[in-house]
Structure formats: C-alpha cells, structure tokens
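Residues per chain, in single letters:
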2 protein chains.
Amino acid sequence: MSTPNSAPTVIDVAKLAGVSISTVSRILNGNSRVAKEKQEAVTRAITQLNFEPNLSARSLRGGASKLIGVLTQELQSPYFTAGTIGIEDGLANTGYAPVLMPTHWNVDQEIERARLLLARRVDALIILGGNLSDEQIIELAKKIPVAVTDRKLDAPNIHSFYFDQLEGGRLAVNHLIELGHRRIAHIAGPPTQSDSIERREGYLRAHRDANLSIDPKLLVDGNFLETGGMRAMLELLERTRDFTAVFCANDQTLIGARLALYRKNLRVPEDVSLVGFDDVPQLMYLTPPGTTIRQPTQEMGFAAARAVLRALGADVEAKTHPPLSLVIRETTRALA
Amino acid sequence: MSTPNSAPTVIDVAKLAGVSISTVSRILNGNSRVAKEKQEAVTRAITQLNFEPNLSARSLRGGASKLIGVLTQELQSPYFTAGTIGIEDGLANTGYAPVLMPTHWNVDQEIERARLLLARRVDALIILGGNLSDEQIIELAKKIPVAVTDRKLDAPNIHSFYFDQLEGGRLAVNHLIELGHRRIAHIAGPPTQSDSIERREGYLRAHRDANLSIDPKLLVDGNFLETGGMRAMLELLERTRDFTAVFCANDQTLIGARLALYRKNLRVPEDVSLVGFDDVPQLMYLTPPGTTIRQPTQEMGFAAARAVLRALGADVEAKTHPPLSLVIRETTRALA
DNA sequence: CGAAGGCATGAAAACGTTCCCGTCTAGATC
DNA sequence: GATCTAGACGGGAACGTTTTCATGCCTTCG
C-alpha cells in the first residue's frame, strides 16, 4: 500500500492488520501462539495485499535459503534428466526448491558453478556424476551437506549413491552367454571414465566366470554418445563379422550402434543381439525395443534429495533405491 | 576469521585488508575509483579468505537476485529440454542463473510455482509453453519482465516467441504431396491443445492448396507422446490400410507410430512414409532417421533469455531465432 | 485479597550488502 | 603560501525478515 509499485512487506501487513511486525512473523511461521482474532486479521491482510515473504531477507536473517543446488551434466542426456526428475520429486512439497546448474563435463566449470551455488547460499548440494575429485567434494562438504551420485565416497557430511557398474556389466554379458552367445563384442565408453572401466570389467568377469576367452578384436571404444556407438560399430564390422552379440556401454551407444547395423543391412536381433545400459526412456521405443540394464536413476535422485533434506533436519523419511536389474526386451535372441 | 566456521563477510575482508567496508564494496562492484594499493590489498584478502559475496544480502539490499525463473513443463520432454538448454546458453557468463521449476501441464501447479519464483524475487520469468491464460501472464508481467514461448502475446513487459505451427503442418504435408502421396493420414495431438489444432489446420490447408479432399477416416487423435502415437497408428491400421503416408503431430508421436508399424510388419518408408514435428535429437537415430519439421527450440530459448536480460538492462545483443524448416531424412520416399 | 507466574505482544537488534553523504587530504591555481 | 576543489575514503542507514528480550495484563493459588 505504502509504495504501490513494490512488493508488500511484513510491515504493510502489520499496519493493515493493526498488529506488530513480530506478530505477523509469528503467524507466518506458526511457532508461537497468538490470539485468534489477530490471527484472522493478519491472514486477511496477507491475502488482501497478496503478500509473499521475501526469501532473500529470510535467507539473510536465518541463514537458510531453502534452495538446493544441483550440479548436473548435460541437460540433454536422458540419464541425467532422470536423476533431476527424481530430485525434483524428492524436494516436492518440502519448501525447498532445486537450482539446476548444468556443467558440461568440464571440471573447471564444475568448480566455478559450485562456487556460484555456495555464493547463493544454497543449503545443500547434490552432485550428479561429474568429474570433481573426491578431495574437492570433501572440501565442499565442509561447508554444506552434499549428496553425490555415481561414486562411492565415505566422508563426513557426504551421502553417496551409486550402482555397482561391474555387476551391471556382468549381468548384461551373462544374459548373452546364457542365450548361447560365445562371440560377444563390447563397445566401451570413454577409456578414462570410471563407469566405463567398471562396466568393461563386468564384461571380462562374465567371460571369466563362463570360462570364455576374450578376443581383443571385439573390444572397441565409444564415447557414451550415439555418434560414438555408430562409429564404433562400423569399425567393429570393418574388423570382423565374427560376433553374434554386442554389449554396449550405455543406451545411447546402443542406439548409435543399431543405426550402424541398419546401414549395413544387418538385422537386430536376427543377425546381431544388443544389450545396453541405463534404460533410458526412448529405448522402449527403439525398433525393436532394447534389452538393457536398468539403472533406477530417478529413484536415486529421489534418494539423494531425501538424504540432503534429512541432513538439513527436515522430517522426511529416508529412502533407498533399488539395485540394477536386467530388462529383457527384443534386441537379444537365443542362438539356435 | 572471526567466526571460523561460517562464511567470511565483507567485514572480514575489510579488516584483513585494513580498509573500510565501503571500499571493499566499491572494489567488488568496480564502479568507483580506489587507490591501486588498497585495490591490491583487498583482492589479496578476498582470495586469502576465499570470500564470496552473499547474494541474499545483495539481493535484499539492491532488489536484484540475479536469478531468472524458468517455468517449464516435463523435464523428460526433449522439446522442453532443448528450450532449457538454450536459456542456459543465453544466460551463460552474464551473472544470471536460471532457477528451473518443472510443472506438469497442471495450471494450478503453474501458478503455485510462479508465486514461489516471485517470492524468491527472481528478476525475470521465462515461461516455456504451459497452460496459463494470457491474463494470468499479463498479471505476472506487471511485477517482472516475462518472456513466454509457444504463444503470441502482445502486452507491456512481455516478450513472446513462437513458431507458425500452421505453416509447419502445411510444410510437412506439402512435402508428402510433392512426393506423390495422395492418401495422407494425420495423427494429431491432444484435441484441445492449440499447437495441435494449428498443425492440424496446416494439414488441411496443404490439402486444400493441392485440391485434395480429406478423408475423415484418416484423422486420429494422439497425445503428443509415444504411447499415443502407437495407439493411434494401430487404430488407424484397424480402420483402413488405404494410406501411404502419415503426418505425425510431433516426433514422439512419430516414434510411437513407427514402433506400431514394426509390430505390424510394415516397412518405413517402403510401405508408409512418416513426417514428424519438432526435430528432437533422437529422431536422427531412429531407424531409419526421421523426416520432420525442425523447430529451433534451443535458439528460441536463447532468444527468450536474451530478451529478459535486455529488459533488465543488461548490455547483450538481441537475438532472433530462425523459422521452422523441413528436415528431410529417410522416413519419407517418393511414390513411383 | 495480594502476590506470583504465565502468556500474548511489541520493541529492537542482527543478518551482509550497497550507496548516499560527509570529511579529509592532496594537488592546483592565484 | 593560502584558498579552493576534486577525488579518495569511511560512517551509517536501509533492504525485510526472524528472534530475543522486556513489558504488561490476566489468571490462579495461597
């Protein structure tokens, strides 16, 4: 009312309701008893003025911004999208809101963005994957609670969530072996990436468990993207056609590989069986729908959100996420 | 230094550098001249203390939060993801950060989230699509600058960005007609959605322009999702097989339709040609890669970001986005 | 009937920043 | 050499909230 063009403050509300500022605040936070009539007068004033408390002021005073920083990688990656959705779900109706900061697999940008989030005084940090070192994350956790996914990290104030990538790789390849495949190729992810290395390890483990030998010609590197999957599959076909199945390091790789096979007039799964990793939504609509290792990423994001909320003292129940599982669809077939 | 466990403030910096608070502030904002030696002392103190200005305080004092609220729909939708990435790009290195608030095509949630963003005192609002009424958006624009996509809305303090959906539909269907197709089906979006209606209008327009009659049997509704595309295609095939091409209201619809054709052992494009709408990234990796109408959504997000930045007085250049265009890939073929 | 205690309420400080104003110093002009 | 001026710098208020503390009234019990 006073300054017509700027947002109403608690003072305006107090004036209109004929009470003190303190009383208004008390009613807003509901932590102390006030007389029923003032209660009503104040709520009436609030709706009349369309008052919303200024969260900057609240944050400044109380030290809590009610903001959760989320450090994510490429937004276009369906894997990270799922995690983000999970976080969003986990934060819903808690009064906390996520601030999304995409970085692009770039460590410098990641620490820069982390600083930015701290400057905004986010109450906690959720880090989805990324390339920060354990030490850097431990450093961040000295200031605010941190949840981090896709790595195992035991340290104070840190909650880590991850899936057993080796076991996933083993599951995938074991499925192929059980279907009778013996010549199984592998399109890996980036050679330095830890998930990539572990999944490859699972591929090796499954072979060892079944007493199968490894042919190095059947191992080729990709980049976790469709482009890499396509290129890798073409290179593989260049080298040899003596394989009946391919374990792709992730679903995007599988999708690229599938297109390469189409280009070469090879049928899936009649000529080549494919298994992916992640279970991104679009794999269900591949032609044919893709067999893969499901990572419940959304549930993991949810669990991460709940973990930081609990660290902040919120009264929400903890949540664990289910483990990896094999999802059998139609890109794999049993050898006769 | 004073309170070891909480973040350093401008006061700590001033003490350490042996200058006044005002001087530190001046240096931080670089708007006034200060002696070179103090300049250096302060910057040294800042790095030594690892000081980051508290943005809540800054926001409270100056009224600017350096936050741009983004109201988006489903995060998993590739269409909105692209817009978000564009916004992110447009905001990069400007000191502004986006706060993403996904709503789920739910008007109540949208206004609720918009209130939340205002309470956080975001400096501007970008609304990607959504179901808010024009009046509701105009109301919001009375408080802060607003950019809105996917609708035409001329009002003070509002920048709207949109593509000519009717023209897009016309382009798609005209392409099919030029390829010699005469019996062209259409899987529409939700019947009440305006984009859906306009694209359908484009389908009709192209027919009229070519003096082709419309067969109502060839019109069926979807829901802009893969599920709907699949269901609609199956229903269409149930009704008649007398068509050679289908214009799908968006790419997700096309992807679902494509799977339905696979299920029925119909080949794409040999038996049925398909055109989609949007050009989502995964369409390039469909088997075969899909022909579609490209909406430069990312560029639109970028333009929207720039528009609100300019409205806030930032010195960035305006950006317009390119129009719709036909992208010819491999789901369409010329009839002999 | 008087004192004590509890409860509703208001006043005021504090959070960390920016920015207006006033002061002081140093250099310049006569 | 004295006065004027401009520029560098510091003091302090203000942004909107929460919260502690004090105050005054009413109730209750001895």
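What counts, and at which threshold
- Residues numbered from 1 in each chain as written.
- Chains lettered and ligands numbered in written order.
- Predicted model: local features only at pLDDT ≥ 70, side-chain atom pairs only at ≥ 80, totals over all residues.
- Heavy atoms only, no water.
- Pairing = 2+ DSSP bridges.
- Helix = DSSP H or I, 4+ residues; strand = E, 2+ residues; numbered from the N terminus.
- Axes fitted to C-alpha atoms, helices over the stretch in contact; angles between N-to-C directions.
- Contact = heavy atoms within 4.5 Å.
- Polar contact = N/O pair within 3.5 Å; in protein donor to acceptor, adjacent residues only side chain to side chain.
- Buried < 20%, exposed > 50% of the residue type's maximum accessible area, 1.4 Å probe, protein only.
- Near = heavy atom within 4 Å.
- Nonpolar A, V, L, I, M, F, W, Y, C, P; charged D, E, K, R; others polar.
- Core = buried A, V, L, I, M, F, W, Y, C linked by side-chain atoms within 4.5 Å.

S.K.: Before we move on, could you go through the sheet that holds strand 7 (residues 219–221) of chain A and cite the residues and values that matter?
M.R.: All names here are of chain A. Spatial strand order, 7-6-8-9: four strands in an open sheet with parallel pairing. At either end of the open sheet lies a strand with only one pairing partner, and these are strand 7 and strand 9 (273–275). If you compare each strand with its neighbour and ignore which way they point, the axes differ by 20° on average. Note: strand 6 (residues 184–188) against strand 7, three bridges, orientation parallel. Directly across from Ala188, in strand 7, lies its bridge partner Asp221. Set on the sheet, helix 10 (residues 226–239) makes contact with strand 6, strand 7, strand 8 (245–248) and strand 9; between it and strand 7 the angle comes to about 145°. Packed onto the sheet, helix 11 (residues 251–263) meets strand 6, strand 8 and strand 9 and runs at close to 165° relative to strand 9.

S.K.: How would you explain the side chain of B:Asp215 if you had to name every residue and give the values?
M.R.: All names here are of chain B. On the secondary structure map, Asp215 appears in the loop between helix 9 (194–209) and strand 7 (219–221). Within the local environment of Asp215, its side chain forms a polar contact with the side chain of Arg183, the two groups lying 3.0 Å apart. At 2.9 Å, the side chain of Asp215 and the backbone nitrogen of Lys217 are in polar contact.

S.K.: Tell me about the environment of A:Leu60, and name the residues and values.
M.R.: Here A:Leu60 is to be found in helix 4 (residues 55–62). Among the residues examined, A:Leu60 registers a relative accessible area of 35% and is labelled partly exposed. Placed 61 residues apart in sequence, A:Leu60 and A:Arg121 show a C-alpha to C-alpha distance of 9.2 Å. Discounting residues that sit within four places of it in the chain, A:Leu60 has contacts with B:Asn54, B:Ser56, B:Ala57 and B:Leu60.

S.K.: Can you explain the protein's contact with DNA strand D? Please cite residues and give values.
M.R.: Near DNA strand D you find 23 residues, and of these A:Val10, A:Arg61, B:Thr23, B:Arg26 and B:Ala35 are the closest. Sugar and phosphate atoms represent 63% of those atoms of DNA strand D found within 4 Å of the protein. The contact in question runs from a phosphate oxygen of DNA strand D to an N or O atom on the backbone of A:Val10, over 2.5 Å. The contact in question runs from a base nitrogen of DNA strand D to an N or O atom on the backbone of A:Ala57, over 3.5 Å. Mapped onto the surface near DNA strand D, the elements with two or more residues apiece are helix 2 (21–29) and helix 4 of chain A together with helix 2 (21–29) and helix 4 (55–62) of chain B. Of all the elements, helix 2 of chain A adds the most residues to the surface near DNA strand D, at four residues. Each residue belonging to the surface near DNA strand D can be placed in one class, and the counts come to nine nonpolar, eight polar and six charged.

S.K.: Break down the nonpolar core for me, with residues and values.
M.R.: Ranked by internal contacts, the top residues of the largest apolar core, which has 127 residues, are A:Met233, A:Val246, B:Met233 and B:Val246. Core analysis: the second largest hydrophobic core is formed by 42 residues, A:Leu132, A:Ala141, B:Ile137 and B:Val148 among them.

S.K.: Describe the protein's contact with DNA strand C, listing the residues and the values that go with them.
M.R.: As a structural note, the neighbourhood of DNA strand C is formed by 24 residues, with A:Thr23, A:Arg26, A:Ala35, B:Val10 and B:Arg61 the closest of them. The contact atoms of DNA strand C, taken as those within 4 Å of the protein, divide so that sugar and phosphate hold 64%. Within the contact set of DNA strand C, a base nitrogen lies 3.1 Å away from a side-chain nitrogen or oxygen of A:Arg61. One of the side-chain N or O atoms of B:Ser25 is found 2.9 Å from a phosphate oxygen in DNA strand C. Looking at the surface near DNA strand C, the elements with two or more residues in it are helix 2 and helix 4 of chain A together with helix 2 and helix 4 of chain B. With four residues, helix 2 of chain B is the single largest residue contributor to the surface near DNA strand C.

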